[in-house]
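# Examining the three-dimensional arrangement
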Amino acid sequence: MMHIKLLSSLVIACAFALTLNAASTPTELLGDWSLDLESGEPAWMSVDEKDGNPLVRMRVYIGPDGPYSVTEAANGRLKFSLRRRRVAQGSDVFIESAVDVGIRNGKLDGVITRTATDGSVNNRIRFTGKRIPPMPQSPPDLSKVRFGLPILLFNGKDLSGWRPHETDKINGWSAQDGMLVNTTPKTDFSATGDHANLRTEAEFEDFLLHIEFLVEGNRNSGIYLRGMYEAQVVDRDSRMQGIQGPGAIFGRIEPSTNAGKPGGEWQTYDLTLVDRHVTVVLNGVKVIDNQPIIGPTAGAIYTDPSAPGPIYLQGDHTTVRYKSIYLAPVLGVQ
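Conventions we followed
- Just so you know, the residues in each chain are numbered from 1, in the order the chain's sequence is written.
- At least 70 in pLDDT is required for a residue's local features to be given in this predicted model, at least 80 for side-chain atom pairs to be given and counted, and no such filter applies to totals for whole chains, interfaces and linings, which use all residues.
- Processing note: side-chain calculations cover all non-hydrogen atoms of the structure and skip hydrogens and water entirely.
- For every residue, the pLDDT score states the predictor's confidence, bounded by 0 at the bottom and 100 at the top.
- In what follows, a contact means two residues having at least one pair of non-hydrogen atoms within 4.5 Å.
- The nonpolar core is taken to be a set of buried Ala, Val, Leu, Ile, Met, Phe, Trp, Tyr and Cys residues, with the residues joined through side-chain atoms within 4.5 Å.
- The cut-offs for exposure are 20% and 50% of the maximum accessible area for each residue type, with area from a 1.4 Å probe on protein chains only; residues under the lower value are buried, those over the upper are exposed, and the others partly exposed.
- Helix and strand definitions here come from DSSP, where helices need a minimum of 4 consecutive H or I residues and strands a minimum of 2 consecutive E residues; each element is numbered from the N-terminal end.
- When two rings of Phe, Tyr or Trp (its six-membered ring) have centres within 6.5 Å they constitute a pair, described as stacked for plane angles under 30 degrees, edge-to-face for angles over 60, and tilted for the intermediate range.
- Here a cavity denotes a set of grid points, spaced 1 Å apart and computed over the protein atoms alone, in which a 1.4 Å probe fits but from which it cannot get out, and a pocket denotes an open set meeting protein on both sides within 12 Å along at least five of seven lines; residues with an atom within 4 Å of a point are reported as lining.
- Grid points are joined across faces, edges and corners, and a volume is the space filled by probe spheres set on the points.
- Each residue is assigned to one class: nonpolar for Ala, Val, Leu, Ile, Met, Phe, Trp, Tyr, Cys and Pro, charged for Asp, Glu, Lys and Arg, and polar for all the others, Gly among them.

Right, let's get into the confidence of the model for the chain. Confidence in the prediction of the chain, expressed as mean pLDDT, is 92, and 93% of residues score 70 or more. Here residues 1-23 is modelled with pLDDT under 50, and outside its nearest four sequence neighbours on either side it reaches three contacts, counting other chains as well.

Right under this line is the structure:
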């Protein structure tokens, strides 16, 4: 009799576990989302399911995107915590961020609760979101893409058509001898600094971008396509290699080879973005061939791939020079 009761208990427990797993990932949350935070910070979220359990990625501006373990899944909502971050470099105080998200009245509804380990921060940031369409099942046929006439983005004389992204930071950008130059005292690879990033006034859909850059050894910058996807700017021998190195879509797509040049030499990027697929040619070598980009890279200021965005250059990193910047927009597919 005891064996029968034990077997019955196990059956009930298994049935309960299966029911819990089946309901653990709200189907209406599945997919990718461009988020709209009250704080104005750019953010993105992706909800998937693995082995019956929710798998969540979320990036708020320069932060990592996980994946994060869901601590609670009930009533169509998910709860999880982002990786905690230091209040400042070298500080022993951390910000902890708890996320609660679900669908309410047919719309994404979430809140991020931020608290500091010393009690100095305690706030709630509400957010909504727009569902991002699924990635196309196949890459575009680039042989059938029609490009328009190239548009010169930098006239070599002044910053016409460009503006600093942050109005509260130092503007280190200037036009010098036909070059777009960013001058900063920064020498390390930390994520942000006190100098402003730079963006085009104009916003673009799909395109081919040609841009030339020069960085010294152990220096870096980045070129964001549509303000979303960063093409890494470093020298050949940088300590940042592979998925973070020359020719990479930073943190997303690793180049097939290191085609970079030594620090202090001019390098050339030809970057084609069509239908959320990217082709990267660095110094005449194709290092990424029509690959899909899943989600914005760290530091992105736009997170909706269905909307146009600017060309955006990192200025809060180190000194860098750019020139010969032109863009050929995609007109259509034959």
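To continue, consider the nonpolar core. One broad trend across soluble globular proteins is that nonpolar side chains are buried collectively. If you look at the biggest cluster of nonpolar residues, it comprises 36 residues, and the most contacted ones within it are Leu 209, Ile 223, Tyr 269, Ile 311 and Tyr 322. For this core, the secondary structure elements donating two or more residues are β16 (207-214), β17 (221-225), β18 (229-233), β19 (267-274), β20 (277-282), β21 (285-292) and β23 (320-333). Excluding residues that lie within four positions of it along the chain, Tyr 322 makes contacts with Trp 173, Met 179, Leu 180, Ile 211, Glu 212, Phe 213, Ser 221, Gly 222, Ile 223, Val 233, Trp 266 and Leu 313. Ranked by size, the runner-up nonpolar core spans 20 residues in total, among them Val 47, Val 56, Ile 112 and Ile 125.

In this section: the packing of aromatic side chains. One pass over the full model with this rule turns up five aromatic pairs. Aromatic side chains Tyr 68 and Phe 80 sit 6.3 Å apart centroid to centroid with 15° between the ring planes, which places their arrangement in the stacked category. A residue pair is termed long-range when its members are at least 10 positions apart, and Tyr 68 in the loop between β3 (53-60) and β4 (70-74) and Phe 80 in strand β5 (residues 77-81) qualify at 12 residues. By relative accessible area, Phe 80 is classed as buried at 1%.

Turning next to the layout of surface pockets. Looking at the largest pocket, its volume works out to about 1300 Å³. Considering the residues around the largest pocket, the lining is formed by 46 residues, among which Ile 62, Gly 63, Pro 64, Ala 191 and Thr 192 are closest to the centre. At the level of secondary structure, the elements contributing two or more residues to the lining of the largest pocket comprise β3, β6 (85-86), β7 (94-104) and β18. Here the lining of the largest pocket gets three residues from one element, more than from any other, and that element is β3. Looking at the lining of the largest pocket residue by residue, the class counts come to 18 nonpolar, 14 polar and 14 charged. For the second largest pocket, the calculated volume is near 180 Å³. Along the wall of the second largest pocket there are 18 residues; nearest its centre are Asp 32, Ile 132, Pro 133, Met 135 and Arg 276. Put simply, the parts of the chain that give the lining of the second largest pocket at least two residues each are β1 (31-37) and β9 (122-132). Residues of the lining of the second largest pocket, tallied by class, amount to 12 nonpolar, three polar and three charged.

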